[in-house]
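# Overview (structure and organization)
Spelled out from the first residue to the last, the chains are:
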Amino acid sequence: FEERLEAAGGEVRKLIAIDPTSPSIAPMMLTVELGCDSDRERMESWFRYGLAVDPGNASLWFTRLHHLEPRWHGSREEMLEVGAEALATKQWAYRTPFVLAFAHHQLAEDDPEYFTAAVCHDIRNVYGPYLDKYPEAHYERSGYAYLLYQCGDYTAANREIKRLGANRRIGPFLTRAKFDKVKVEAALRAKQETR
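Below is a summary of the structure that appears in this document. All of these numbers come straight from a predicted model, not from anything done at the bench. (Residues numbered from 1 in each chain as written. Predicted model: local features only at pLDDT ≥ 70, side-chain atom pairs only at ≥ 80, totals over all residues. Heavy atoms only, no water.)

## Some remarks on the nonpolar core
If you look at the biggest cluster of nonpolar residues, it comprises 50 residues, and the most contacted ones within it are Tyr114, Phe115, Ile123, Val126, Tyr127 and Tyr149. When neighbours within four sequence positions are excluded, phenylalanine 115 is seen to be in contact with Ala108, Cys120, Leu147, Gln150 and Cys151. (Core = buried A, V, L, I, M, F, W, Y, C linked by side-chain atoms within 4.5 Å. Buried < 20%, exposed > 50% of the residue type's maximum accessible area, 1.4 Å probe, protein only. Contact = heavy atoms within 4.5 Å.)

What follows is the structure in structure tokens.
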């Protein structure tokens, strides 16, 4: 495996001599680096190279985040730092700020108590400005509704589900049954909160 990764890295380096401005080079090297026992600085240098060549490539950010997952080469704190850095770019058209939401999504997978007030604040800071710019982004609004529900903000979740109407997307909820459950429960709890 290590030999093949080294060979793959060598082949990608040959591409630099052919076309150093190719947007394919950095993503390939970041994939190679994920499998290697490399230090963070080397991964970061390929990330910066990729952004210099293709500034709008949000997949570079997501690959960087994946590299920093605790099971690979990083930590929870490093993932959230990268997410905060991505949010600070305000590159809404490229969806770069969603790296922060995805970091929280990954970290929440094994922790049912994950959605604290600080996490929910981050979620609002990602989705709120994006949906202000792109109000017809139904998939993202569906995801926002589900995350607000997970945050325990049932009134806001219910509001977003109502805004979606027939335009809701099931993807963020995984199944239609889950969407239906969240829709009913958010509406019921929102009503209780207004009493």
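On we go from here.
## Focus: unusual backbone geometry
Its identity as a non-glycine residue notwithstanding, arginine 95 has a phi of 65°, on the positive side. Its identity as a non-glycine residue notwithstanding, leucine 174 has a phi of 75°, on the positive side. Examined against the element boundaries, leucine 174 turns out to sit in the loop between helix H9 (154-164) and helix H10 (176-193). Leucine 174 sits in the exposed class, given a relative accessible area of 74%. (Helix = DSSP H or I, 4+ residues; strand = E, 2+ residues; numbered from the N terminus.)

## Re the state of the cysteines
Inspection of the entire model under this criterion finds 1 disulfide. Each disulfide pairs two cysteine sulfurs, and for cysteine 120 the partner residue is cysteine 151, the sulfurs being separated by 2.1 Å. Disulfide cysteine 120-cysteine 151: the torsion about the S-S bond is -110°, which places it as left-handed. Taken as a pair, cysteine 120 in helix H7 (residues 117-133) and cysteine 151 in helix H8 (residues 138-151) lie far apart in primary sequence, 31 residues in all. By relative accessible area, cysteine 120 is classed as buried at 5%. On the basis of relative accessible area, cysteine 151 is assigned to the buried category, the value being 18%. (Disulfide = S-S within 2.5 Å.)

## Looking at the packing of helix H2 (residues 25-35) against helix H4 (residues 58-67)
Relative to each other, H2 and H4 sit at 10°, their axes nearing to 10 Å. Classified by the angle their axes make, H2 and H4 are roughly parallel. For the pair H2 and H4, contact is made by Ala26, Pro27, Leu30, Glu33 and Leu34 and by Leu60, Thr63, His66 and His67, respectively. Classifying every residue of the contact of H2 with H4 gives 5 nonpolar, 3 polar and 1 charged. (Axes fitted to C-alpha atoms, helices over the stretch in contact; angles between N-to-C directions. Parallel < 35°, antiparallel > 145°, perpendicular 65-115°, else oblique. Nonpolar A, V, L, I, M, F, W, Y, C, P; charged D, E, K, R; others polar.)

## A closer look at the layout of surface pockets
When its volume is computed, the largest pocket comes out at roughly 710 Å³. Along the wall of the largest pocket there are 25 residues; nearest its centre are His105, Tyr146, Leu147, Gln150 and Pro172. Only helix H6 (98-108) and H8 provide two or more residues apiece to the lining of the largest pocket. The biggest single contributor to the lining of the largest pocket is H8, with 6 residues. (1 Å grid on protein atoms, 1.4 Å probe; cavity = no way out; pocket = protein on both sides within 12 Å on 5 of 7 lines; lining within 4 Å. Points joined across faces, edges and corners; volume = space filled by probe spheres on them.)

## So, helix H1 (residues 2-18)
Here H1 contains 17 residues, and its C-alpha end-to-end distance of 25 Å stays within 8% of the 24 Å for a straight helix at 1.5 Å per residue. Along H1, the residues that are buried comprise Leu5, Gly9 and Val12. Buried residues of H1 fall within an arc of 65° about the axis and therefore sit on the same side. Exposed and facing more than 90 degrees away from the buried side of H1 are Glu3, Arg4, Glu6, Ala17 and Ile18. (Expected span 1.5 Å × (residues − 1). Arc of directions from axis to C-beta.)

By themselves these figures say nothing about function.
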